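# An overview of the molecular structure
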Amino acid sequence: MNKYLPFRIFIGYDSREAIGFHVLAHSILLNSSVPVSITPINLNNLKNFYRRNKGKKDSTEFSISRFLTPYLSGYKGYSLFLDCDFIVRGDVADLIKIIIKDPNRSIWCVQHKNYLPKDKKKFLSEKQLPYLKKNWSSFMIFNNKKCKILKPNFIQKANGLYLHQFKWINNSNQIGVLPKRWNNLVGEQKILNNFKALHYTRGGPYFKKYRNCDGSKFWFYYKKLMEKGME
């Protein structure tokens, strides 16, 4: 088990959603039964080796830089990436139990089959771009040694859909499946009673427009716990 610990977790960081990063990180820490290391993927911290800025079709600053996760892990072990507009109620140790049963995959993710977003726009009037495998890459575990193609120079030039649709993986059988409750899409799916991770994909409750969205009470619960610890 020790070779999986501490479990490395990378969270996409967008300067417009800074509070989202902090509340998500707090929710992970509160519910994990194993040591974790949490790293923001922030464009300002990557300039020495990565210079691809947010593109017109990118809804967040980390839309593409998320694929640096294996590089930032030294292509060793396993790492979890997730968008900042989540809260995690499950124990991430349960994810380790899943991957050790099938260690030869390249990645694992919740595979939202036949999913099309309901709206044409989401938070801050960003365009909602529909595409095959939409939201698969919002929560994914990398088997880092099998993802060595994901080098900074490659990611800087690669087409966004090529990356998000995992076309860089030669065999689709290398994409492992995580239970749906680890990426429950708010406003797009019914909130499961046993959800492990709630994804405010239309917009987090930290935006005024989504303050009272479905499941916002869970986000504010963890925000309150975080703020209590700062008193």
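Counting of residues starts from 1 at the beginning of each chain's written sequence and follows it residue by residue. Thresholds applied to this predicted model are a pLDDT of at least 70 for local features of residues and 80 or more for the giving and counting of side-chain atom pairs; totals over whole chains, interfaces and linings are not thresholded and use all residues. Side-chain figures throughout are based on the complete set of non-hydrogen atoms in the structure, without hydrogens or water.

### Some thoughts on the sheet that holds strand β1 (residues 7-12)
Which entries qualify depends on this criterion: Two strands pair under a simple rule: DSSP has to find at least two bridges between them. Under the DSSP-based scheme used, a helix requires at least four consecutive residues in state H or I and a strand at least two consecutive residues in state E, with every element numbered from the N terminus. Helix axes are fitted to C-alpha atoms over the stretch in contact, other axes to C-alpha atoms as well, and angles between N-to-C directions run from 0 to 180 degrees. Here, residues are in contact when the closest pair of their heavy atoms is within 4.5 Å.
If you walk across this open sheet you meet the 6 strands as β2-β1-β3-β6-β5-β7, and the pairing is mixed. Pairing within the sheet leaves two strands with one partner each, and these edge strands are β2 (36-41) and β7 (175-177). If you compare each strand with its neighbour and ignore which way they point, the axes differ by 25° on average. Note: strand β5 (residues 107-109) against strand β6 (residues 139-143), 3 bridges, orientation antiparallel. Within β6, the position partnered with C109 by the bridge is M140. Together, β1, β2 and β3 (78-82) form the strand contacts of helix α1 (residues 18-31), whose direction differs from that of β2 by roughly 165°.

### As for the environment of F10
Looking at where F10 falls in the secondary structure, it is placed in strand β1. The spacing of F10 and L82 is 72 residues in sequence and 6.6 Å in space, taken between C-alpha atoms.

### A word on a positive patch on the surface
Our working rule: Each patch is built from salt-bridge-free residues with over 30% relative accessible area, joining like charges within 9 Å and nonpolar side chains (Val, Leu, Ile, Met, Phe, Trp, Tyr) within 5 Å. For accessible areas, the Shrake-Rupley method is used with a probe of radius 1.4 Å. Any residue's cover is judged against the shown protein chains and nothing else. The working definition used for a salt bridge is a side-chain nitrogen of Lys or Arg within 4 Å of a carboxyl oxygen of Asp or Glu. Only four residue types enter the charge count, namely Lys and Arg as positive and Asp and Glu as negative; His and the chain termini do not. Charge placement uses NZ in Lys and CZ in Arg. For Asp and Glu, CG and CD serve respectively.
On the surface, a cluster of positive charge is made up of K145, K146, K148 and K151. Following the sequence through the fold, K146 ends up in the loop between β6 and α4 (152-157).

### Here we look at the environment of L150
Heads up, the rule is: Exposed residues in this analysis have more than 50% of their type's maximum accessible area, buried residues have under 20%, and partly exposed residues fall in between, with area computed by a 1.4 Å probe over protein chains only.
Inspection of the secondary structure puts L150 in the loop between β6 and α4. A relative accessible area of 0% means that L150 is categorised as buried. Residue contacts for L150: discarding those within four places in its chain leaves F67, P70, Y71, Y75, F142, I155, L163 and W168.

### Thoughts on the packing of aromatic side chains
Heads up, the condition is: Stacked, edge-to-face and tilted are the three classes for Phe, Tyr and Trp ring pairs, Trp counted by its six-membered ring, which pair at centre distances within 6.5 Å; planes under 30 degrees apart are stacked, over 60 edge-to-face, the rest tilted.
Counted under the stated rule, the structure contains 16 aromatic pairs. Between F86 and F139, the ring centres sit 5.7 Å apart and the planes meet at 50°, which makes this aromatic pair tilted. Note that F86 is positioned in strand β4 (residues 86-88) and F139 in strand β6, a separation of 53 residues in sequence. Relative accessible area serves as the criterion here: at 0%, F86 is assigned to the buried category. Look at Y221 and Y222: their rings are 5.0 Å apart centre to centre, the planes differ by 75°, and that puts the pair in the edge-to-face class.

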